[in-house]
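# Structural overview for review
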Amino acid sequence: MSANNTQFFSKIGLIAATVGSAVGLGNIWRFPAEAQAGGGAAFLILYILCVVALGIPVMLAEFSLGRAGRTDAIGSFSAVSPKHRGWRYVGGLSVVTAFLISIFYMVVAGWTLEYLFESLTGGLYSGVSSASTSEAFASKMDTYISGGWRPMVFTVFMVLINLAILLGGVTKGIERLSNILMPLLFVILLAFCIVSLTLPKAGEGLVYFFHPDFSKVTPSVILSALGQAFFSLSLGMGILITYSSYYPPETRLVRTAGTVSFLSILVAVMMGIIIFPAVMSFGLADHGVAGTTLVFSTLPEVFVRLPLTGLWSSLFFLLLAIAALTSTVSIVEVVIRCVQDRLGMSRKAACYWVMIPVLVLSGICSVSMGMFNFLDFLTAEILLPVAAMGVCVFVGWIAPKSLLSNQLTNDGSIRSRVIGLCLFIIRYVAPGLIFLVLITPLL
Ligand code: PFF
């Protein structure tokens, strides 16, 4: 089967794969930190508003482009509007962004594998005295994350797992993986919610999370909620354009976007329900619920205080590794599909041509925090917003008006009442707000 007529095999499979991409470290470690800084439920409300009012329309723009184009992120622009060939550079920007993100995200994904390994073997908890757990886990984090060969080995291992899955192709690789791992991810999350809710100060934690503190809402918190919504839905990375090119013609795009967004929000809320009661119960709220520190230092402090430490720790890092893996395959797929379709390569050749540079560069990145931070900044603050804005302007103004309506109604075979509203948001509201996100750091 050629690249151009590959399709997801089942409805569940395409949802699992798209949710797998969306649910990543963005929901799991970025969300609790942002929620803590942004007034708990006040941030949650803003985040949900941004997902529903802006994220879903932009997601629909990417879905329409991908499914109508039926090719990679670059080719979709030309296929939809052959007269405006210059716009394919926006697709090119998404592909470059995806490539750069995959380099440093592989490193983080490698850390999750390393912590899973250390939880299973007990290394993470050996020699930790109950008197000074903070220092012990902070110093372990130093060794595990910036300790020369160790993170490099796990990063390389993560790249090889990605390669093995991607060589399997869209249905036998990505879809099969997502069908197995996504249900497992939700089961593990549910188990952690139950454990967290039975902890001594669960109530206090829930109040902390669900009490909206609107005094913390500043313009910059609003922009963070927008950034979080876009990142957690995988917008602007070419992923949704590429994945939707594998959607069959009968897929209902509005329903799919709603399901994916709902599940992505659900994971973020579940993480809040897990994190806040846990850190409150053990008096760790001031130890940092931010990104790396939360996941690799504060949570091990929680696990060491629980019975069955090794089990909970292993399950949690398995959860993280699953979230990271289903996201990394989606981002590398953007580049692989592009190489396949632009250069006319076979799937196998494209996988190797993309994965070898990813392997080398992410290996280097795993020992260079400077490179890691630069790539993170460049993609999150500049390339992603520019690419997302480009998609909105293209679908809203340049592509034929019929693109959105044909795609949302499956060429007139179903009804959709949201076309006008979506078009309005894609044309005016989303590009304006993304522009604000872009220029705010300059003000
Ligand atoms: N929605 C994903 C997340 O929240 O982590 C975004 C993502 C980032 C997807 C990096 C893929 C990736 F490699």
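Quick note: structure is the one above.
What counts and what doesn't
Residues numbered from 1 in each chain as written. Predicted model: local features only at pLDDT ≥ 70, side-chain atom pairs only at ≥ 80, totals over all residues. Heavy atoms only, no water. Near = heavy atom within 4 Å. Polar contact = N/O pair within 3.5 Å; in protein donor to acceptor, adjacent residues only side chain to side chain. Areas by Shrake-Rupley, 256 points an atom, 1.4 Å probe, with all protein chains shown as cover. Helix = DSSP H or I, 4+ residues; strand = E, 2+ residues; numbered from the N terminus. Nonpolar A, V, L, I, M, F, W, Y, C, P; charged D, E, K, R; others polar. Expected span 1.5 Å × (residues − 1). Bend = angle between axes of the 7 residues up to and from the residue. Salt bridge = Lys/Arg side-chain N within 4 Å of Asp/Glu carboxyl O. Buried < 20%, exposed > 50% of the residue type's maximum accessible area, 1.4 Å probe, protein only. Disulfide = S-S within 2.5 Å. Core = buried A, V, L, I, M, F, W, Y, C linked by side-chain atoms within 4.5 Å. Contact = heavy atoms within 4.5 Å. Phe/Tyr/Trp six-rings, centres within 6.5 Å; stacked < 30°, edge-to-face > 60°. Lys NZ or Arg CZ within 6 Å of the ring centre and 35° of its normal.

### Observations regarding the site of the ligand
- In the neighbourhood of the ligand, 15 residues make up the surrounding shell, with Ala22, Tyr105, Phe231, Ser234 and Ile331 lying closest.
- Leu25 is positioned with one of its backbone polar atoms (N or O) 3.2 Å from an oxygen atom of the ligand.
- Within the backbone of Phe231, an N or O atom sits 2.9 Å from a nitrogen atom of the ligand.
- Coverage of the ligand by the protein chains reaches 100% of its 340 Å² of free accessible surface.
- Looking at the shell around the ligand element by element, the count peaks at three residues for helix H2 (residues 25–37).
- In terms of residue class, the shell around the ligand is made up of eight nonpolar, seven polar and no charged.

### Remarks on helix H8 (residues 169–197)
- Over its 29 residues, H8 extends 40 Å from the first C-alpha to the last, a length consistent with the 42 Å expected when each residue adds 1.5 Å.
- Along H8, the sharpest kink reaches roughly 25 degrees, centred on Glu175.

### Comments concerning the pattern of salt bridges
- All chains considered together, the criterion is met by six salt bridges.
- Between Glu333 and Arg347 there is a salt bridge, and its shortest N-O distance comes to 2.6 Å. Residue Glu333 is located in helix H14 (residues 309–343), and its partner Arg347 is located in helix H15 (residues 347–365); the two are separated by 14 residues in the primary sequence. A single burial state applies to Glu333 and to Arg347, both of which are buried.
- Where salt bridges share partners, they join Glu114, Glu118 and Arg150 into one cluster.

### A look at the state of the cysteines
- Taken as a whole, this structure holds zero disulfides when the rule is applied.
- Its sulfur unpaired, Cys50 is 13 Å from the next cysteine sulfur, which belongs to Cys392.
- For the unlinked cysteine Cys392, the closest cysteine sulfur is that of Cys422, found at 11 Å.

### Details of the nonpolar core
- Counting 160 residues, the largest nonpolar core has Tyr47, Leu185, Phe296, Phe303, Phe316, Phe317 and Val395 as the members making the most contacts within it.
- Ignoring anything within four residues of it in the chain, the contact list for Phe316 reads Phe192, Met271, Val295, Leu299 and Phe303.

### Focus: the packing of aromatic side chains
- A complete count under the given rule lists 29 aromatic pairs for this structure.
- Residues Phe8 and Tyr247 carry aromatic rings whose centres are separated by 6.2 Å and whose planes lie at 45 degrees to one another, so their mutual orientation is tilted. Residue Phe8 is found in the segment before helix H1 (11–22), and its partner Tyr247 is found in the loop between helix H11 (239–244) and helix H12 (253–281); the two are separated by 239 residues along the sequence.
- Given the relative accessible area of 0%, Tyr247 is considered buried.
- When the ring of Phe303 is compared with that of Phe316, the centres are 5.7 Å apart and the planes differ by 50 degrees; the resulting orientation is tilted. You can see Phe303 sitting in helix H13 (residues 291–304) and its partner Phe316 sitting in helix H14, a full 13 residues away along the chain.
- Taken together, the aromatic side chains of Trp29, Phe104, Trp111, Tyr115, Tyr144, Phe192, Phe296, Phe303, Trp312, Phe316, Phe317 and Phe372 make up a single cluster linked through ring pairs.
- Directly above the aromatic system of Phe231 lies the positively charged group of Arg30, at a separation of 4.9 Å from the ring centroid.
- Geometry around Trp397 places Arg427 over its ring, the cationic atom sitting 4.3 Å from the centre.

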